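# Chain and residue survey
Now for the letters of each chain:
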Amino acid sequence: MNPDEPEADETTPEEEEWQLYATAGYAAAEDPWDDLVEVEDDEDEEEEWFDGDDFETNGQTLDWDSPPCPAPLGIAHMIRLGTCNHCLHRVGGRRTEEIGEKGGASIRAEAFARDKELESYEAPDLCPLCENLFEDVDNIVERIVEQTGELDHGSLQVGVHVPKDLIQEEDRIRTRHAAPGSRPLKAAFSEAVQTGVSARMEGVEFVKERPDLMILIDCLTLRVDVDIRPVFIYGRYRKLDRGIPQTRWPCRACRGRAEGCEACEGTGLQYPDSVQDLIGEPFRLVLSAEDTSFHGMGREDIDVRCLGRGRPFVLEVKRPKVRRTDLEEVMEAVNSNATGKIEISDLRWTNRSEVSRIKETRAEKSYTIRFSVEQPPEESFIVDSITKLSGVTLEQQTPKRVSHRRADKNRKRKVVSIDNVLVEDNEVQFSVRCEAGTYVKELVHSDEGRTVPSVAGVLESPCEVIWLDVEDIHAD
Ligand SMILES: [Zn+2]
Ligand SMILES: [Zn+2]
């Protein structure tokens with residue numbers, strides 16, 4: 001596993017720990033390894049057989065043939081290596097009254113009682129299994145409590161970064177000498193931190209995915225970072241006014257720098273309003289958040305209204321200090337602030353997975369479009385010709401107006417239906433339902449022949465779009 005990734009296999013309940021020992025056969029009051037003491041004598045005899053697979057530490061040759069914990073010889077070996085009490089409890093595989101440091105201390109005391117010489121043995125200061133990391137648990141818990149105290153914290157996830165060489169060394173020693181089923185360093189450390197935090201903060205819950213707060217601990221620097229995860233709100237918006245972009249649009253002159261410029265009157269924005277901010281700002285304030293992202297199910301041009309049931313969206317509220325609020329109340333605040341501009345409805349809490357659903361949904365859309373005809377033919381001819389476009393498949397080359405940001409290509413889009421064709425002097429209006437991704441303005445004016453067939457084409461006269469409204473997005 002990538003050490004930067006949050007630990008995925010953490011478990012908290014103590015029963016779990018006992019279960020591990022139980023599966024390994026050590027839950028019984030009687031220690032099945034106790035009768036292996038004679039091995040010690042054999043070892044002494046076999047010492048000359050060593051073929052170099054041993055190493056020097058603290059001037060002492062280690063014996064790789066010593067049995068693993070929880071055999072008394074295994075525990076003695078771990079003590080000689082300089083294992084700290086916390087790790088001794090973790091790898092010893094012995095049942096103790098208490099856990100953690102205290103549990104390890106009692107395993108050590110038992111070992112000393114068995115072998116007086118062990119007590120006088122001079123072990124290295126630094127535990128080879130954790131480099132005394134467990135001594136920092138209280139310190140880290142303190143930092144976590146400090147940094148999360150003011151935050152809304154329904155659920156927490158702990159991610160621990162341990163230096164790779166320590167992980168490898170710990171794994172090597174544990175694999176050879178620890179009791180089967182011993183917790184690896186990262187999991188055990190993370191567990192110790194969680195236990196410490198639980199004791200200090202009420203109602204805190206630790207999870208393995210989708211936390212409210214992600215706690216990242218760097219074991220090398222002891223740095224603690226708290227990543228406040230965003231909250232997501234689903235809804236639908238209606239855009240009642242033309243001239244409002246869907247997302248915040250930075251000022252062209254100053255490129256949206258924070259202090260703005262003369263052209264944007266210090267706002268940093270090209271347009272003072274956006275659907276994103278009209279909805280997002282009230283939420284940002286209520287949730288004491290830093291910023292928002294806006295994810296719409298497609299988008300309409302700035303000069304296009306969006307009516308009917310409105311367009312589905314997901315608002316992402318970033319780094320919120322508060323995670324829950326009354327959605328109805330905020331909805332009313334948004335709607336009264338933005339009267340005549342936008343209107344929202346159908347709000348509910350959601351999660352990140354709905355962002356991709358919203359982005360990937362290819363919904364058919366219904367529009368009303370109004371345009372002028374330069375040389376209008378007979379009214380009945382106009383109505384007939386436009387109605388005949390119902391059901392056709394359009395060949396659309398990427399429109400010139402978007403060609404600076406989209407690849408030039410041809411695509412086919414179906415006109416599902418056309419009705420309500422209305423003629424008033426040289427102005428015509430009709431309703432059209434079409435496939436997702438149809439360029440509707442181009443269906444009318446043909447974009448100099450880049451869309452075929454088109455209204456301008458069948459009327460054999462240039463047409464100019466006056467306005468366009470989205471009437472419905474056929475989704476959700
Ligand atoms: Zn240790
Ligand atoms: Zn500006």
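Refer to the structure above for everything that follows.
The notes below deal with the structure included here. Keep in mind the model is a prediction, meaning the values are calculated, not measured.

Glancing now at the nonpolar core. Most often, soluble globular proteins have nonpolar side chains that are buried together. In this structure, Phe134, Phe189 and Ile217 are the most contacted members of the largest nonpolar core, which totals 49 residues. Among the elements that line this core, the one with the most residues is helix H9 (residues 185-200), at six residues. Tyr234, Phe371, Val432 and Ala475 belong to the second largest nonpolar core, which has 36 residues in total.

Moving on, we come to the coordination of the zinc ion (ligand 1). Every protein donor of the zinc ion (ligand 1) is listed here as Cys84 (SG), Cys87 (SG), Cys127 (SG) and Cys130 (SG), and their distances to the metal cover 2.2 to 2.3 Å. Coordination at the zinc ion (ligand 1) is tetrahedral, judged from the four donor atoms that bind it and the angles of 105 to 112° they form at the metal. Positions of the donor residues of the zinc ion (ligand 1), expressed as sequence spacing, correspond to C-x2-C-x39-C-x2-C. Of this pair, Cys87 sits in helix H4 (residues 85-92) while Cys127 sits in the loop between helix H6 (116-120) and helix H7 (137-148); the two residues are 40 residues apart in sequence, bridging distant segments of the chain. Cys127 shares its class with Cys87; the two are buried.

Within the protein, Cys251 (SG), Cys254 (SG), Cys261 (SG) and Cys264 (SG) serve as the donor atoms for the zinc ion (ligand 2), at 2.2 to 2.3 Å. If you look at the zinc ion (ligand 2), its four donor atoms make angles of 104 to 114° with each other, and the shape they trace is tetrahedral. Each donor residue of the zinc ion (ligand 2) lies on the same chain, and together they follow the pattern C-x2-C-x6-C-x2-C. On the basis of relative accessible area, Cys254 is assigned to the buried category, the value being 9%.

Looking now at the pairing of strand S12 (residues 393-397). Burial along S12 is one-sided: Leu394 and Gln396 are buried, and none of Thr393, Glu395 and Gln397, which face the opposite way, are. Pairing of S12 with strand S13 (residues 410-424) involves five bridges; the strand directions are antiparallel. When the bridges of S13 are listed, Glu395 appears paired with Lys412. Both S12 and strand S15 (residues 451-452) contribute to a ladder of two bridges, which runs antiparallel. Residue pairing across strands places Gln396 opposite Thr451, the latter belonging to S15.

Once that is clear, we can look at helix H13 (residues 379-387). Taken together, the buried positions of H13 are occupied by Ile382, Ser385 and Ile386. The buried residues of H13 occupy an angular sector of 95° when projected down its axis, which confines them to one face. On the buried face of H13, the contacting elements are strand S11 (365-373), S13, strand S14 (427-434) and helix H15 (455-459).

Judged by side-chain charge, Arg299, Lys359, Arg405 and Arg406 come together as a positively charged surface patch. The topology assignment puts Arg406 in the loop between S12 and S13.

Bringing the layout of surface pockets into the picture now. Estimated volume of the largest pocket: approximately 1100 Å³. As for the largest pocket, its lining consists of 36 residues, of which Gly298, Arg299, Glu300, Asp301 and Arg406 are closest to the centre. Taken together, the elements giving at least two residues each to the lining of the largest pocket come down to strand S8 (291-296), helix H12 (353-360), S11, S13, helix H14 (440-445) and strand S16 (463-473). Of the residues that constitute the lining of the largest pocket, the class distribution is 15 nonpolar, eight polar and 13 charged.

Before going further, it helps to spend a moment on a negative patch on the surface. Among the surface-exposed residues, Asp326, Glu328, Glu329 and Glu332 lie close enough to one another that they form a single negatively charged patch. Assignment of secondary structure puts Glu332 in helix H11 (residues 327-337).

Below, the discussion takes up the pattern of salt bridges. For the coordinates displayed, the defined rule picks out 36 salt bridges. With its nearest N and O atoms 2.8 Å apart, the salt bridge here joins Arg348 to Glu354. Residue Glu354 is classed as buried on the basis of its relative accessible area, which comes to 9%. Between Glu424 and Arg370 there is a salt bridge, and its shortest N-O distance comes to 2.5 Å.

Quick notes on the rules
- Residues numbered from 1 in each chain as written.
- Chains lettered and ligands numbered in written order.
- Predicted model: local features only at pLDDT ≥ 70, side-chain atom pairs only at ≥ 80, totals over all residues.
- Heavy atoms only, no water.
- Core = buried A, V, L, I, M, F, W, Y, C linked by side-chain atoms within 4.5 Å.
- Buried < 20%, exposed > 50% of the residue type's maximum accessible area, 1.4 Å probe, protein only.
- Helix = DSSP H or I, 4+ residues; strand = E, 2+ residues; numbered from the N terminus.
- Donors = N, O, S within 2.8 Å, 3.2 Å for Na, K, Ca; no water.
- Tetrahedral: all angles 85-135°; square planar, octahedral: opposite > 155°, others 65-115°.
- Pairing = 2+ DSSP bridges.
- Arc of directions from axis to C-beta.
- Contact = heavy atoms within 4.5 Å.
- Patch = residues over 30% accessible without salt bridge, like charges linked within 9 Å, V, L, I, M, F, W, Y side chains within 5 Å.
- Areas by Shrake-Rupley, 256 points an atom, 1.4 Å probe, with all protein chains shown as cover.
- Salt bridge = Lys/Arg side-chain N within 4 Å of Asp/Glu carboxyl O.
- Lys, Arg positive; Asp, Glu negative; His and termini not counted.
- Charge placed at Lys NZ, Arg CZ, Asp CG, Glu CD.
- 1 Å grid on protein atoms, 1.4 Å probe; cavity = no way out; pocket = protein on both sides within 12 Å on 5 of 7 lines; lining within 4 Å.
- Points joined across faces, edges and corners; volume = space filled by probe spheres on them.
- Nonpolar A, V, L, I, M, F, W, Y, C, P; charged D, E, K, R; others polar.

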